Structure formats: structure tokens, C-alpha cells
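In case you want the letters, here they are:
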Amino acid sequence: MSRAPILDRLKILADAAKYDASCASSGTAKRNSTKGGIGSTEGMGICHAYAPDGRCISLLKILLTNHCIFDCHYCINRKSSNVQRARFTPQEVADLTLSFYRRNYIEGLFLSSGIVKSSDHTMEQIVEAARILREEYDFRGYIHLKTIPEADPEIIHRAGFYADRVSINVELPTDAGLTRLAPDKDARQIEGALGKTSSDIVEAKDAKKRFKHAPRFAPAGQSTQMIVGADAASDADIVGRASRLYDSFDLRRVYYSAFSPIPDASAVLPLKRPPLIREHRLYQSDWLMRFYDYRPQEIMQATEADGNLPLDIDPKLAWALKFRERFPVDVNRASREDLLRVPGLGVKAVQRILASRRHRTLRLDDVARLTVSLTKVRPFICTIDWRPTLLTDRADLRSLLAPKQEQLELFAA
């Protein structure tokens, strides 16, 4: 049977890859070179991610194939799904990547796949595409490979020598949810693969210190993804699982993807997707654990009675409102840890406060110049010329600080 034209297959496999959040979008403006200039941020299969040094880079984001022998209820590419199927060869993936790269559309590749024939066969094909790029084309751009936990560990290990980053999706926050919605997957097997890759990364770093020409192995580390809202897991469950994953496997990122209803969905799935703001609140809580020194138990303390984070305010403010006895803090005397818990003060603002107060006693106007929004900060700090008095204990403080809900006008100028 003849293959469909490569452009038709690209449309199918680029669209099928959009459900993987591990390639994070930068939200850049759309630009192209039709009226001059070089490069484009548009086009099928192009996403934007951040490199380890902070640069935003464009990646060709595609599946090797959307054929799959697994029947995960939440996946549009599951075995029982009635979707149009397509497949690339490893050589076609390499040629597409080079073609996009030479046109200055992309700086790298994000490659995932459904499971065709077997996990080992599919993983071999993914590794082969990366090998062709690295060894035959001497491609030095960024490569992110989505590995398959059910595959032979030796094949997964080989992927790390060609990829800048590797990732294995844990899929769902709880073992019970995984058993119910992805019966072909095994939580212990997934964590075993994460653990093996984590050990391989550590060993490679150690070898690099001792031997100048030791091969690099996934220098940008590994990440994972959890689907939010497909099962009954609460935000407290998700935060707890993410924390354990960070601690156990030294992950660079845990990504959260709000469940999106799919055509011909299984009856065991929710009828509608969770609010996108829930996904956003989880990313905020993730940020608090990674950069603000919050313990997972503290994030859980910010949840509502149902175990979910409030949607109308961010987790940091929710925690501060529950523990008002910790405030106000004196910006001229408080420790870095206490300042990082003040709503409205980010890491950079705290660094500026700590640096500035070495030379002068800070006033409220000084704090205003060092932060973005003084409104959220005022109830939780005191300075030489400001004390919130009864403001911190006001019963309506939450409503005062919550972002105002505005009805958008259809024909607003």
C-alpha cells in the first residue's frame, strides 16, 4: 500500500503530538518570513521550549507514529480510537528535522510515538532517528526524546547518548487511576525506568568529571508529565506525587496537562475538561516547591476542603491567608525564608530587598520600587513607616486581594 504524501502525514503526526505538555510553549507572537527576514514561529508541529541555559528555542514536535497497540482510555491515539493513522520512518524524521532547521524554523526536535509492533521496536525506531541526526548529519541542535518505559532498558539507555533531554510520562497521579485508565501500563515499571535513567545521568556526570572525553548523557536531565482531571486525584494528591518524583529521580521538571475530552471517548472519562486555571495553579505550586522552599505539606495546607487548590487566588496567597499569624513580617529584619512567603514578593524582589537593606532602612516606597504590585504585599509586611494594623486580620482580605473578575466586551475598542 502506498504511503500518504509526507506533508499529509506531518499534519496528522504534528497534531497528534500536541497533547504532550513536556514541550512547553513560550507563548511567542506569530511571525513568518513571507514579507522579508528569515525564520518563522508558525507552522505545523513547531513548539517552543526553554533550554537549560534559559534560551527559548523552537522545536519540531511530532510523533513517529500515532499507531498504538495500547488502549489507554484518555489517549486520542489509543488502539480503539477511530483516528486517521500515519507513520514516519526514522530517516524521514531526520530529513524533516534538517529541512525545517535549514529554513531557520526550528533549533531542535521533540520526538514521541505511539507503540507500534512492540515497545522495543518503537524505541529502536526513535533512537535510530536521533542517531541519524547526530552521527550521519552531525546535527548539534537540541533533541528531546520521549522514551517508552516498557522497552528494554538498554535501548532507553542508548537514547540518552543522542538526546539532550529524555522524558517518561507517569501519566496519572495515582496508581489506582493508572490501573483504571491505562491497563497496559504499570506504575512500578514506569518508576523503574525513571530510576534507571536517573542513575545513568548521575553516572555520566561523574564520568565527565573524571574523564575529559566521556560521552555526554542527557545533559538537560529528564522530565515527566501528569494528566490532571482525568481521574479523581485531588491537587493534594498531585502535589504529593510530584514532590516524591522530584526527590526520588532528581527530575528537571514535572509537567501538568489538563485532561481534554477526545472524540469517541470512553464512558469512564469525565464529560468535560477541568478548568485550565487548575493546571495553572499546579504549575504555581510546583514553582513554590522548586524556587521558594515550600515543602509539599505546606502546599497541601493551602488546599480547600476537597483537597484542591483554590481557583480564585494563587497558592502562595491561599497559604498566607490560612497562616495569618506568621504576618506581618518586617522587611528590614525578616529572613529570606520568611520574605519568600510574602504574597507579591518574588525571588528577585526578595534578593533586591536583602541587598538594599544592607545599606539603608527600607520604607514602604522602597518596597514599592522593588516589587511589581504593592497592593498584595501591604497586608503582610511592615517597614519603618508602615504597619498593616488590622488589615492583615480583615475577614474580607481574600476578596480584596483576589483578581477582579471582568466580563469581556464583544465589541470593545
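Before reading further, recall that the structure is shown in the block above.
This text gives an overview of the structure that appears in the document. (Residues numbered from 1 in each chain as written. Predicted model: local features only at pLDDT ≥ 70, side-chain atom pairs only at ≥ 80, totals over all residues. Heavy atoms only, no water.)

## Considering the overall build of the chain
Link 1 in the chain: The number of helices and strands found in the chain is 15 helices and nine strands.
Link 2 in the chain: In summary, the chain has a C-alpha radius of gyration of 24 Å against a globular reference of 22 Å for 413 residues, a match within 12%.
Link 3 in the chain: The principal-axis extent of the C-alpha atoms belonging to the chain is close to 80 × 55 × 50 Å.
Link 4 in the chain: Relative to its full complement of 413 residues, the chain shows a buried share of 52%.
Link 5 in the chain: Across the chain, contacts joining residues at least 24 apart in sequence account for 66% of those joining residues at least 6 apart. (Helix = DSSP H or I, 4+ residues; strand = E, 2+ residues; numbered from the N terminus. Rg over C-alpha atoms; globule rule 2.2 N^0.38 Å. Buried < 20%, exposed > 50% of the residue type's maximum accessible area, 1.4 Å probe, protein only. Contact = heavy atoms within 4.5 Å.)

## So, the nonpolar core
Link 1 in the chain: Residues I62, Y74, L111, M123, L339, F380 and I381 are the most contacted members of the largest nonpolar core, which totals 112 residues.
Link 2 in the chain: The element contributing the most residues to this core is helix α3 (residues 119-136), with seven residues.
Link 3 in the chain: Apart from the residues within four sequence positions on either side, I62 is in contact with L10, L13, A14, A17, F88, V93, L109, F110, L111 and S112. (Core = buried A, V, L, I, M, F, W, Y, C linked by side-chain atoms within 4.5 Å.)

## So, the packing of aromatic side chains
Link 1 in the chain: Inspection of every chain in the model, using the stated rule, returns nine aromatic pairs.
Link 2 in the chain: Between the aromatic rings of Y101 and F139, the centroid separation amounts to 5.4 Å while the plane-to-plane angle is 85°, which identifies the pairing as edge-to-face. Separated by 38 residues along the polypeptide, Y101 in helix α2 (residues 90-102) and F139 in the loop between α3 and β4 (142-146) bring together distant segments of the chain.
Link 3 in the chain: Looking at F139, the relative accessible area reads 5%, which means it is buried.
Link 4 in the chain: Taken together through their ring pairs, the aromatic side chains of Y294, W319, F323, F327 and F380 make up a single cluster.
Link 5 in the chain: Over the face of the ring belonging to Y294 we find R341, whose NZ or CZ atom lies 4.2 Å from the ring centre. (Phe/Tyr/Trp six-rings, centres within 6.5 Å; stacked < 30°, edge-to-face > 60°. Lys NZ or Arg CZ within 6 Å of the ring centre and 35° of its normal.)

## Re the side chain of T197
Link 1 in the chain: Relative to the helices and strands, T197 is located in helix α6 (residues 187-210).
Link 2 in the chain: Leave out the neighbours within four places in its chain, and T197 touches I156, V166, I168, F217 and Q222.

## Observations regarding the environment of A218
Link 1 in the chain: Mapped onto the elements of the fold, A218 is located in the loop between α6 and β6 (222-228).
Link 2 in the chain: In sequence terms A218 and V166 are 52 residues apart; their C-alpha atoms lie 6.4 Å from each other.
Link 3 in the chain: For A218, the contacting residues outside a window of four places in its chain are G160, A163, D164, V166 and I201.

## Some words on unusual backbone geometry
Link 1 in the chain: Of note, the amide linkage connecting F327 to P328 takes the cis form, showing an omega dihedral of 0°.
Link 2 in the chain: Here P328 lies in the loop between α10 (315-322) and β8 (329-330).
Link 3 in the chain: In the Ramachandran plot, A218 falls in the positive-phi region, its phi being about 40° despite a non-glycine side chain.

## Thoughts on the pairing of strand β2 (residues 56-63)
Link 1 in the chain: Counting buried residues along β2, seven of its eight residues qualify, which places the element largely inside the surrounding structure.
Link 2 in the chain: Bridging between β2 and strand β3 (residues 108-112) involves five bridges; their strand directions are parallel. Across the sheet, residue I62 finds its bridge partner in β3, namely L111.
Link 3 in the chain: Taking the sense of rotation as the criterion, the β-α-β connection linking β2, α2 and β3 turns out right-handed. (Pairing = 2+ DSSP bridges. Right-handed = clockwise from strand over helix to strand, strands pointing away.)

## Things to note about the packing of α6 against helix α7 (residues 235-249)
Link 1 in the chain: Look at α6 against α7: their axes get within 9 Å of each other, and the N-to-C directions meet at 35°. Where α6 abuts α7, its residues E191, L194, G195 and S198 lie against R241, L245 and F249. (Axes fitted to C-alpha atoms, helices over the stretch in contact; angles between N-to-C directions.)

## Description of α10
Link 1 in the chain: The buried fraction of α10 is high, at seven of eight residues.
Link 2 in the chain: Where α10 is concerned, the buried positions are P315, K316, L317, A318, W319, A320 and L321.
Link 3 in the chain: Here the buried face of α10 lies against α8 (276-291), α9 (296-301) and α15 (397-401).

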